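So the chains spell out like this:
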Amino acid sequence: MDGDGKGQDTGARIGPNAILQLVPVLDRLQGRAGRDRVLGAAGVAVPPDDAGMWPESQCRAAHLAVWQGCGDRAAEILAAAGQGTADYILAHRIPGAAKAVIRALPAPMGARLLSAAIARHAWSFAGSGRFGIVSRRPLTFQIEGNPLAFPGLPCPWHAAVFARLFRALVWPCARVEDCHNGAASRFIILPH
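No experiment lies behind these values; they were computed from the predicted model shown. (Residues numbered from 1 in each chain as written. Predicted model: local features only at pLDDT ≥ 70, side-chain atom pairs only at ≥ 80, totals over all residues. Heavy atoms only, no water.)

Chemist: Before we go on, may I ask you to explain the overall build of the protein in this structure?
Modeler: Across its full length, the protein carries eight helices and six strands. Listing every helix and strand of the protein by position from the N terminus yields β-α-α-β-α-α-α-α-α-β-β-α-β-β. Radius of gyration (C-alpha) of the protein: 16 Å, near the 16 Å computed for a compact globule of 192 residues. By the burial criterion, 49% of the 192 residues in the protein qualify as buried. Here the protein displays about 9100 Å² of accessible surface, and carbon together with sulfur accounts for 55% of that area. (Helix = DSSP H or I, 4+ residues; strand = E, 2+ residues; numbered from the N terminus. Rg over C-alpha atoms; globule rule 2.2 N^0.38 Å. Buried < 20%, exposed > 50% of the residue type's maximum accessible area, 1.4 Å probe, protein only. Areas by Shrake-Rupley, 256 points an atom, 1.4 Å probe, with all protein chains shown as cover.)

Written as structure tokens, this is what we have:
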């Protein structure tokens, strides 16, 4: 990674919601000038609404700029953007029939089905990182080399995405513990 935290452009890509969902949250909590300042510091522009996969290096730079420029509100901003991303996934990426099936299943089976779907689509949120389900009890996800995580900091964006998806489809009171294991981010999904 470059000294400015923006990293090398490896060609890896992440879904544009890693930035798109930051925009309304920054506008609401920091104002338009604050949003422009954060994204300007990151050296990134707002992707168009119909953007395809976006360069991982730009998503990483935007998340780092939130940590560096938003002080005590950084985790709140990133978590709200993660919730917005999950809401987008629920509205536009998971078919209604699939949501109905997951909700109708007993919770352990619904959790297994949702986890499998998340694993199949890890390319869209993990970029160059490597996603895995490392435990079923408790349900634990891991992203080795998580491009949206930084040393000594939690990863509230991913934690919020996972929490919102599991609350909406499996466990209404689900919570996610965000922890790190060396170079990996771990997310323990608990039913309550």
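Having put the structure on the table, let's press on.
Chemist: I keep staring at the packing of aromatic side chains and nothing clicks. Help me out?
Modeler: Any pair of aromatic rings gets described here by the distance separating the centres and the angle formed by the planes. Throughout the structure, instances matching the rule amount to eight aromatic pairs. Plain terms: the ring middles of Phe 166 and Trp 171 are 5.8 Å apart, the flat faces sit at 20 degrees to each other, and that makes the pair stacked. The residues Phe 166 and Trp 171 share a single accessibility class, namely buried. (Phe/Tyr/Trp six-rings, centres within 6.5 Å; stacked < 30°, edge-to-face > 60°.)

Chemist: Is there a simple way to explain the layout of surface pockets in this structure?
Modeler: Once rolled over the atoms, a probe with the size of a water molecule shows which space is left empty. Approximately 790 Å³ is the volume attributed to the largest pocket. For the lining of the largest pocket, the secondary-structure elements that each account for two or more residues are helix H1 (17-20), helix H4 (74-92), helix H5 (96-104), helix H6 (107-120), helix H7 (123-126) and helix H8 (156-169). Of the residues in the lining of the largest pocket, the class split is 21 nonpolar, eight polar and three charged. There is about 230 Å³ of room inside the second largest pocket. (1 Å grid on protein atoms, 1.4 Å probe; cavity = no way out; pocket = protein on both sides within 12 Å on 5 of 7 lines; lining within 4 Å. Points joined across faces, edges and corners; volume = space filled by probe spheres on them. Nonpolar A, V, L, I, M, F, W, Y, C, P; charged D, E, K, R; others polar.)

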